[in-house]
Amino acid sequence: QPGLDSCASCPAGRFQASTGETECVVCPVGRAQPAIGQAACALCPVGTYQPFTDQEECVDCPAGMFSDESESTECTNCTQGRFSVSDRSVSCDSR
């Protein structure tokens, strides 16, 4: 109808859970949102992390590190004598 403003979708990395709002909310650390127009950000799954806000994707923990909790903001180094040979590890194995 004339005179009505159309709603704009929130971009990836942001969300809005409430209708009628004029601003999008930035995804917090430990979360990401790859799609536009979403009502929430997804938790970074185990084996991944996201240290920054306003992000579209979670980052895989590299080999030699792990993340055993969702919503992580960093990966943990394997302790001496333990290892992880693949990306996105959730634990370290003993040698």
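Everything discussed here concerns the structure shown above.
I will try to describe carefully the structure that is included in this document. (Residues numbered from 1 in each chain as written. Predicted model: local features only at pLDDT ≥ 70, side-chain atom pairs only at ≥ 80, totals over all residues. Heavy atoms only, no water.)

## A few points about the environment of Phe-15
Consideration 1: Within the secondary structure, Phe-15 is located in strand S1 (residues 14-15).
Consideration 2: When the C-alpha atoms of Phe-15 and Val-25 are compared, they prove to be 5.2 Å apart, with 10 residues separating the residues in sequence.
Consideration 3: Among all residues touching Phe-15, those that are not within four sequence positions of it are Cys-10, Cys-24, Val-25, Val-26, Cys-27, Gln-38, Ala-39, Ala-40 and Cys-41. (Helix = DSSP H or I, 4+ residues; strand = E, 2+ residues; numbered from the N terminus. Contact = heavy atoms within 4.5 Å.)

## Thoughts on the side chain of Gln-33
Consideration 1: Relative to the helices and strands, Gln-33 is located in the loop between strand S3 (31-32) and strand S4 (42-43).
Consideration 2: In this structure Gln-33 comes out as buried when scored by relative accessible area, which is 8%.
Consideration 3: Look past the residues within four positions of Gln-33 in its chain and what remains in contact with it is Ala-12, Gly-13, Arg-14, Cys-27, Gln-38, Ala-40, Cys-41, Ala-42, Gln-55 and Glu-56. (Buried < 20%, exposed > 50% of the residue type's maximum accessible area, 1.4 Å probe, protein only.)

## With respect to the state of the cysteines
Consideration 1: As enumerated under the stated definition, the model contains 5 disulfides in all.
Consideration 2: One disulfide bridge connects Cys-27 with Cys-41, the sulfur atoms lying 1.8 Å from each other. One disulfide, between Cys-27 and Cys-41, carries an S-S torsion of -80° and so falls in the left-handed class. Here Cys-41 lies in the loop between S3 and S4 and Cys-27 lies in the loop between strand S2 (25-26) and S3, a separation of 14 residues in the sequence.
Consideration 3: Under the relative-accessibility criterion, Cys-41 is labelled buried at 9%.
Consideration 4: One disulfide bridge connects Cys-78 with Cys-92, the sulfur atoms lying 1.9 Å from each other. Disulfide Cys-78 to Cys-92: torsion about the S-S bond roughly -75°, handedness left-handed. Remark: Cys-92 occurs in the loop between strand S9 (82-83) and strand S10 (93-94) and Cys-78 occurs in the loop between strand S8 (76-77) and S9; sequence separation between them is 14 residues.
Consideration 5: The disulfide pattern of the chain is 1-2, 3-4, 5-6, 7-8, 9-10 when the bonded cysteines are numbered in sequence order. (Disulfide = S-S within 2.5 Å.)

## Concerning the pattern of salt bridges
Consideration 1: Tallied over the full model, the rule gives 3 salt bridges.
Consideration 2: When the shortest N-O distance is used, the salt bridge between Arg-14 and Asp-54 registers 3.1 Å. Residue Arg-14 is found in strand S1, and its partner Asp-54 is found in the loop between strand S5 (48-49) and strand S6 (59-60); the two are separated by 40 residues along the sequence.
Consideration 3: Of the charged contacts in the structure, one is a salt bridge between Asp-60 and Arg-88, with a shortest N-O distance of 3.4 Å. Placement of the pair is Asp-60 in strand S6 and Arg-88 in the loop between S9 and S10, with a sequence separation of 28 residues.
Consideration 4: Among the residues examined, Asp-60 registers a relative accessible area of 35% and is labelled partly exposed. (Salt bridge = Lys/Arg side-chain N within 4 Å of Asp/Glu carboxyl O.)

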